[in-house]
Amino acid sequence: MNAVTDILKDMSYGPAPEDDAIVREWLAATPEKFAHFVDGAFVAGTHERRFETIEPATGRVLAELPAAGTTTIEAAVAAARAAQKGWADLAGHDRAKMLYALARAVQRHARFLAVLETIDNGKPIRETRDIDVPLVARHFYHHAGWAELAADEFRGMAPVGVCAQVIPWNFPLLMLAWKVAPALAAGCTVVLKPAEQTPLSAIAFAEICMEVGLPKGVVNIVQGDGETGAALVGHEGVDKVAFTGSTDVGRSIRVATAGQRKALSLELGGKSPFVVFEDADIEAAVEGVVDAVWFNQGEVCCAGSRLLVHESIADHLHQRLRERMETMRLGNPLDKAIDMGAIVSQQQLTRVRAIVETAQKEGARLFQPAAALPETGTFYPPSLLTNVAPASTAASVEIFGPVLASTTFRTPAEAIALANDTRYGLAASLWSENVSTVLHVAERVEAGVVWINATNLFDAAAPFGGYRESGYGREGGAAGMAEYLKPECLPAPRGKVADTAPAEAAPVPETRPAGGVDRTAKLYVAGKQARPDGGYSYIVRGRRGAAVGEAGLGNRKDIRNAVEAAAKAKGWSGLSGHQRAQILYYLGENLAERAEEFAARIELQVGGGRRAADAEIDASIRRIFHYAAWADKHDARVTSTLGRHTTLAMNEPFGVAGVLAPDASPLLGSLSLALPLLAAGNRIVLVPSTPAPLSMTDFYQVLETSDVPAGTFNIVTGARADLAVTLADHDDVDVLWGAATAGEIADCERRSAGNLKPVFMVDETTVDVAAEEFKGRRLLDRASRIKTIWIPYGV
Ligand code: NAI
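Residues numbered from 1 in each chain as written. Predicted model: local features only at pLDDT ≥ 70, side-chain atom pairs only at ≥ 80, totals over all residues. Heavy atoms only, no water.

K.L.:
Mind showing me how you'd approach the overall build of the protein here?
P.N.:
Summing up its helical and strand segments, the protein has 27 helices and 32 strands in all. Over its C-alpha atoms the protein spans a radius of gyration of 28 Å, differing by no more than 12% from the 28 Å that the globule rule assigns to 795 residues. Structurally, the protein occupies a C-alpha span of about 100 × 60 × 45 Å along its principal axes. Sorting the 795 residues of the protein into buried and exposed places 59% on the buried side. In the protein, 76% of the contacts between residues at least 6 apart in sequence involve partners at least 24 apart. Surface summary for the protein: the accessible area is close to 29,800 Å², and the carbon and sulfur share equals 54%. Computing the positive centroid from 79 side-chain charges and the negative centroid from 96, the protein places the two 3 Å apart. (Helix = DSSP H or I, 4+ residues; strand = E, 2+ residues; numbered from the N terminus. Rg over C-alpha atoms; globule rule 2.2 N^0.38 Å. Buried < 20%, exposed > 50% of the residue type's maximum accessible area, 1.4 Å probe, protein only. Contact = heavy atoms within 4.5 Å. Areas by Shrake-Rupley, 256 points an atom, 1.4 Å probe, with all protein chains shown as cover. Lys, Arg positive; Asp, Glu negative; His and termini not counted. Charge placed at Lys NZ, Arg CZ, Asp CG, Glu CD.)

Now the structure itself:
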C-alpha cells in the first residue's frame, strides 16, 4: 500500500468501490422474478427459450431468463387491453398519484437501482447514480404532472390505447421511464420488452409497480430478444409501437407494421456532429467531448461521435484531447472514481473493434491512451481517430462505442455541410463564444436536438427525437405526451387488417393520347403548367357518366419533376409566418372571387346539387383563412429544464411533403391536407382525387394569381395509387400525408421505410378530412418536426 505522502505526491487514486451486497443478495434470492411480469405478477414462461444476462465487467452470468413466445405475448397484450379502459377512466389526479408514487419509489431505491444497472450494463456507478436514476425519477415526477393536467391541456384527445414498447440496452431503466411514464400519464397501458443484454432493472421496476399498488395489467414486461420484440410489435392487439434502437430494426418495424393501423414512434441511431469553431472555449470543448463520446462508453444514440473542428485549432484541440484521454480512468464500473466502464457485450465489443480496424485501413490515425485495460471483462479504451475523410466508415457508420472521428473544416458553411452530410439527424453540439455563429448554425443543422456549448443534456420537459433516419416522434414534454394521445377527430379503427394488403388496383382511367386541340388540364410543376411526360390524358366523367373534361395522366417522371421543384423551392420555408399568412389570405380572397366557377365545376364532377357545391367552396375559403390565421401562431415552446439551460422546442417544416387527396370533396379534401403543411412551411406535391381532379387543376390559376412562390404547391394528376408509390419511394420526400384506401396506406407505410419518412395517412372511408373538426393546431403539430435547442441561460 502507498504511504499517504506518496499518494499526495502523485495524486493517484485508490479503489473506491460502491457496496454491491444488497444487489448481489437480490440476484441470489427469489429466482421466480427472472421472468415476465404480466397482469401484476411474475410469470415463469416455463417452456420458452432461455437466455443469460452477463455482467460485462466480469463475464459472470447474472441470471437466466425466458424469451417470451406467443402465449406470453398474448397474455401480456390481453392484460394490457383489459386494464386500459379502467386506467384511462381514472381521474387524472388518481393516475398522477400513481406516477408520483413510482417517482418516490425510484428515489427510495435509487442506490439499489444504480448498482443493479451498473452491474447489468457495465456503465460507471457515477453515471447511474448521478444521471440515469435521477433522470428516471424526474421523468415520473414530470409525467405525474401531465397526468394531472392532461384533461385540460390535451382537450379533445384520447389515449392511443395499448402500447408495445421495445427498448435498448444503453440506458435500460431510463429508456423504460421515457416509454412508460408518458404512456401511463396519457391513460395508455403498456407491454414493454427490455433488451436481452440488460433485462434486470425492468424486473426491479416491476417490483416497484407491485410495491406502489399500480393496478394489474397497466404495466406488463415481457423478456426476450429480437424475435420476441418482432412478435410483440406485430401483435394485432397493439395500438401503438414505440421503439428505441438501431435504424435497421426501426426500419424493419416500419415494414412489419405497415397497414396495421398502429401509431408508431421510432428513436433510432445517430452520428451526431460535435462542431468546434475557432473562437470556442477550447478547455470547455475538451470536457464537452469527454461527455459527448466517452460518457456511457459512447453507447449513446446522440453521442457526439463526429468531431468537426476548425482547421486553425485542430492540432491544438487534438493535443488537448490526447492529454485528457491519458487521465481518464477505465475499469471496474462499481468503482466511484471510474470514468469509463465496460462495453455492454462481447458482440458489441467485437463490432467496435471491427469498425476501428476498417477505419485504420481507410487511412484514419488512431490514438488510444497508454494505460492497460483490465484483464477480464469487455473493455475498450477511449479512442480518437484523426485524418478521417468525410465519406469514410469512421465518419458515417454509427460505432456506438467510445470512438471519436475527427474532421476539419474552414468556414461555417463547410461546417454545416459536413454536419448534415449523414443519413441521420439526431443531435448536434455546437461550440463557439460567438452567439451569432452558433444560432446561425443551429438553425441550419438538420437535427432534432441541438446543444449550444453543451452536450448530452436531457430533461423530461425537453422533447428528444430525430430528423431523417434517426426516426420520428418525440419523447419528453408536451410533444412526448402527444405521441400517446390521438385527436378525437381521427378515429383509429382497430381490427384485423392484413399486414401485406396490396394496394387495390388503381382505377385505370380511360386514356387517350394528347393531340389536336389540347383542352386537357395540365399538371402544375415549378409554378408552370406542364404537359404530362407520357403524353397521355384521361377522361374525367361526371356523376352520370358523361365526360366532363380531361386531365393529364401523370407518371413517375412527373412526380420526380414535381419533387425536384418542391425540393428547390426552399424560399417558402424561409418566409416568416406572417409572410406565409399574407399569401394564404390572398389565396382565399382569390378563390372567393371565383367561387361561382369553382362551385359549378364541383357540381359537374361529383353532382350533389349546387347548394352542396357552394357549401364546399365556402368551407374551403374558411379553411384557407383558418390556416392563414395559424401560419404565424404555431409557436415554439420554451421549457425550463434542470440546470443552467432553457430549451426552445422549435416547430420546423419537414421540407417536401407528398399529399394524396381523398376522392370525396374534390377541393376541400385537397385543401384540408395541403393547408396545414403549407402553413407550417412545407412545400408540397399533391395528387388530387383521380375521378375528380378538375377542381385542383382549376386551382392552379388561383395559385398563380396569389403570389405562391413557384415550386411551393405542385399538382400531378393521374392514377393516385400509382403516383403514391413513387412519392412513398422517393428519398427527397420528407413526409407523406393522405386520405386514401387501406391498401394505399399499407403500401405507402411499407415503402416509406426507405428514408424513414413519417407517414400520416387516414382511411378515406372512415375519416372525413373535409369535416369541420379536422383542422387546427394538432394538424400543424403533425405538419412540423420539433428541433429542441438547448441554450445556456440562467444561473
Ligand atoms: P437493436 O436495435 O437490435 O436492439 C434494440 C432492441 O430491439 C432490443 O430490445 C432488441 O431485442 C429489439 N429488437 C431487435 N430486433 C427486433 C425486431 N426485429 N423487432 C422488434 N424488436 C427487435 O440493437 P443492437 O443489436 O442491440 O445493437 C446494434 C447496433 O444498434 C448498435 O451497435 C448501435 O449502433 C445501434 N443501437 C442504437 C441504439 C439507439 O439508442 N439509437 C440503441 C441500441 C443499439
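K.L.:
Would you take a moment to explain the site of the ligand for this structure?
P.N.:
Not every one of the 28 residues close to the ligand is listed here, only the nearest: Ile167, Trp169, Glu196, Ser246 and Arg351. The contact in question runs from a nitrogen atom of the ligand to an N or O atom on the backbone of glycine 245, over 3.2 Å. In the environment of the ligand, an oxygen atom lies 2.9 Å from a nitrogen or oxygen atom belonging to the side chain of glutamate 398. Contact with the protein chains covers 86% of the free accessible surface of the ligand, which is 800 Å². When residues of the shell around the ligand are traced back to their parent elements, those giving at least two are helix H9 (226-233), strand S9 (240-244), helix H10 (247-256) and helix H13 (346-361). Residue composition of the shell around the ligand, grouped by class: 13 nonpolar, 10 polar and five charged. Structurally, the shell around the ligand is a two-domain feature, drawing no fewer than three residues from each of domain 1 (20-268 + 480-487) and domain 2 (273-465). (Near = heavy atom within 4 Å. Polar contact = N/O pair within 3.5 Å; in protein donor to acceptor, adjacent residues only side chain to side chain. Nonpolar A, V, L, I, M, F, W, Y, C, P; charged D, E, K, R; others polar. Domains from an automatic or database assignment.)

K.L.:
Explain the pairing of strand S11 (residues 273-276) here, please?
P.N.:
Note on strand geometry: in a regular strand, side chains alternate between the two faces of the sheet. Both faces of S11 are covered, namely the face carrying Pro273 and Val275 and the face carrying Phe274 and Val276. With four bridges connecting them, S11 and strand S12 (residues 306-310) associate as parallel partners. Its bridge partner being in S12, valine 275 is matched across the sheet by leucine 308. Bridge analysis of S11 against strand S16 (residues 427-431) gives three bridges, and the strand direction is parallel. Each residue of the ladder has a partner; that of valine 276, found in S16, is tryptophan 431. (Pairing = 2+ DSSP bridges.)

K.L.:
Looking at this model, I keep getting lost on the sheet that holds strand S26 (residues 645-653). Mind explaining?
P.N.:
Backbone hydrogen bonds are what pair the strands of a sheet, in a parallel or an antiparallel way. Taken in spatial order, the 10 strands make up an open sheet running S13-S14-S15-S12-S11-S16-S17-S32-S26-S25, and their pairing is mixed. The open sheet terminates on both sides in strands that have one partner only, identified here as strand S13 (365-367) and strand S25 (637-640). Along the sheet, successive strands turn relative to each other by an average axial angle of 20°, direction set aside. Alignment of S25 against S26, held across four bridges, turns out to be antiparallel. Pairing of serine 640 across the sheet is with threonine 646, part of S26. (Axes fitted to C-alpha atoms, helices over the stretch in contact; angles between N-to-C directions.)

K.L.:
Hey, could you run me through the domain arrangement of the protein in this one?
P.N.:
Accessible area lost on assembly of the parts is the figure often given for the size of an interface. Once the domains are mapped, the protein shows domain 1 (20-268 + 480-487), domain 2 (273-465) and domain 3 (523-635 + 653-784). When each unit is reduced to the centre of its C-alpha atoms, the spacing between domain 1 and domain 2 is 29 Å. In this complex, domain 1 contributes 32 residues to the contact, which on the side of domain 2 involves 31 residues. At the surface where domain 1 touches domain 2, the tally comes to two salt bridges. (Salt bridge = Lys/Arg side-chain N within 4 Å of Asp/Glu carboxyl O.)

K.L.:
Would you mind going over the UniProt feature "active site" (unreviewed entry) in the protein with me for this structure?
P.N.:
Cross-referencing UniProt, the feature "active site" (unreviewed entry) maps to Glu267 in the present numbering. Once residues lying within four places of it in the same chain are set aside, the contact partners of glutamate 267 are Phe243, Thr244, Gly245, Cys301, Leu426, Phe464, Ser470 and Glu475. (UniProt positions renumbered as here; feature names shortened; annotations may be inferred.)

K.L.:
Would you mind showing me how to read H9 here?
P.N.:
An α-helical segment advances 3.6 residues per turn. Residues three or four places apart therefore align on the same side. Along H9, the residues classified as buried are Thr228, Gly229, Leu232 and Val233. Each buried residue of H9 sits inside an arc of 125° when the element is viewed along its axis, so together they form one side. For H9, the elements touching its buried residues are helix H3 (70-89), strand S6 (162-166), strand S7 (189-193), S9 and H10. (Arc of directions from axis to C-beta.)

K.L.:
What is the right way to read the UniProt feature "domain: Aldehyde dehydrogenase" (unreviewed entry) in the protein from this model?
P.N.:
The positions UniProt marks with the feature "domain: Aldehyde dehydrogenase" (unreviewed entry) are residues 43-486 and 545-736. As annotated, residues 43-486 comprises 44% helix and 17% strand, and the C-alpha atoms at either end are separated by 32 Å. The straight-line gap between the two end C-alpha atoms of residues 545-736 is 32 Å; of that span, 53% is helix and 18% is strand.

K.L.:
Please explain the pattern of salt bridges as it appears in this structure.
P.N.:
Charged atoms that come close allow side chains of opposite charge to pair. Here the structure, examined in full by the defined rule, presents 48 salt bridges. The salt bridge partner of arginine 423 is glutamate 469, with a shortest N-O separation of 2.8 Å. Separated by 46 residues along the polypeptide, arginine 423 in the loop between helix H15 (412-419) and S16 and glutamate 469 in the loop between strand S17 (449-452) and strand S18 (471-472) bring together distant segments of the chain. Across the salt bridge formed by arginine 623 and glutamate 772, the nearest N and O atoms sit 3.9 Å from each other. A residue pair is termed long-range when its members are at least 10 positions apart, and arginine 623 in helix H22 (residues 609-631) and glutamate 772 in the loop between strand S31 (759-763) and helix H27 (777-782) qualify at 149 residues. Judged by relative accessible area, arginine 623 falls into the buried class, the value being 3%. Salt bridges linked by common partners bring Asp618, Arg622, Arg623, Glu772 and Lys775 together as one network.

K.L.:
Mind showing me how you'd approach the nonpolar core here?
P.N.:
Nonpolar side chains in soluble globular proteins tend to be buried together. Formed by 93 residues in total, the largest nonpolar core has its most connected members in Phe140, Leu184 and Val219. For this core, the leading source of residues is helix H7 (residues 172-186), giving 12 residues. The residues touching leucine 184, leaving out its near neighbours within four places in the chain, are Trp87, Arg95, Leu99, Leu102, Val190, Leu214, Val218 and Val219. Of all hydrophobic cores here, the second largest spans 51 residues; its members include Ala581, Leu678, Phe713 and Phe760. (Core = buried A, V, L, I, M, F, W, Y, C linked by side-chain atoms within 4.5 Å.)

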